[in-house]
Amino acid sequence: MRSKLSIATAIAAATLLLTATAPSSAASPEGARNLGDPDYGVCRGTDPRCYHDWGNFDPAEGYKLLVYSRTAGPRHAHLGTPLGPGLNPPLGADNVAVAAMVKLGQQNGFAVDYTEDVTQLSSAGRLLNYNAVMFLSTTRDTLDDSAQTALRQYVRAGGGFIGVHNAFGTEYNWPWYEGLLGNANFYDHGANQPGTVVTVNRRDASTQGLPRTWTFTDEWYNLVPAPTRVRVLAEVDEDTLARGVRGSLGHPGHGEHHPVSWCQYYDGGKAWLTTLGHDVKAWTDEPMDGDQHFVRHLLGGVKSVLGMAPFCR
């Protein structure tokens, strides 16, 4: 008996030693930790009581989306050549993401205006002509003081916000906007590569009908902070990223739960967010694995924020 106990004790001790001394992996199940959950001083999260239903949007008047794609820094290829001033300037052949949004609206019963002219966002009253505002791969400080004020008052009036891809690389030094993104900002990304998207929640308008998993190619943004108190809708499975998840600035990824889409109520309004949408092919008819699922996902999110479908289920 004493011999068996001694052997068992020795095995346990050796196992403990190996566990304690084994090197930790940068892609550990936990991923990056302690990324922060600041208090933005507003009502936010999944509680619909955070929403201000103050009668500013009448479904009988139809549904209207404003797409804003101004860049004040690096510009994604899917945006193409910078647009001219005013509302709805002529689109070129390379303005594929904006053109795709216009087409989605035409095919699905909502009107789409678009601009890269910050003066078009100069007042909350002007923004209230739209059920939702989309920031489509905007970059850096893309708003002036008047537009910042207008966006905040518009959201507080029950307005809707949709943030797509590099909307997360926008207005870094404005805490209220960071909160609007769900307590998240772009930090870095690894290689643009295929990965498996996991549909976490299939009850939402943006996830109904999507497969449980689907292949898609993207930059797979790493975030600091990372979203909190939101309803996560989709994640990327980091184990499927053949070239790794580690970003150019050293971010080790988010581990088992790496969010790519989520929704929330925020400061009176509604927000639907996705880091997806980098590849030009995602916005064109050129085939790419999973592009039809991305479009369906985005369209459902847009319709939910516009008020055409239930929001953030």
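Draft legend 1. Quick look at the pattern of salt bridges. The tally for this structure, following the rule as stated, stands at seven salt bridges. A salt bridge links Asp-37 to Arg-44, with the shortest nitrogen-to-oxygen separation between them at 2.6 Å. Residue classification places Asp-37 among the partly exposed residues on the basis of a relative accessible area of 40%. For Arg-44, a relative accessible area of 8% translates into the label buried. For the salt bridge of Lys-64 with Asp-113, the shortest nitrogen-to-oxygen distance reads 3.5 Å. One end of the pair, Lys-64, is in strand S2 (residues 64–68); the other, Asp-113, is in strand S3 (residues 111–115), with 49 residues separating them in the sequence. When salt bridges with common partners are traced through the structure, they connect Asp-37, Arg-44 and Arg-229 into a single cluster.

Draft legend 2. Layout of unusual backbone geometry. Val-224 connects to Pro-225 through a cis peptide bond whose omega is -10°. Within the secondary structure, Pro-225 sits in the loop between strand S9 (221–223) and strand S10 (231–237). The backbone of Asn-88 shows a phi angle near 55°, a positive value even though the residue is not glycine. Within the fold, Asn-88 resides in the loop between S2 and helix H2 (96–108). According to the relative accessible area criterion, Asn-88 is partly exposed, its value standing at 32%. Positive phi, normally seen in glycine, also occurs at Cys-312, with a value near 55°. Cys-312 gets classed as buried once you look at its relative accessible area, which sits at 5%.

Reading guide: rules and limits
- Residues numbered from 1 in each chain as written.
- Predicted model: local features only at pLDDT ≥ 70, side-chain atom pairs only at ≥ 80, totals over all residues.
- Heavy atoms only, no water.
- Salt bridge = Lys/Arg side-chain N within 4 Å of Asp/Glu carboxyl O.
- Buried < 20%, exposed > 50% of the residue type's maximum accessible area, 1.4 Å probe, protein only.
- Helix = DSSP H or I, 4+ residues; strand = E, 2+ residues; numbered from the N terminus.

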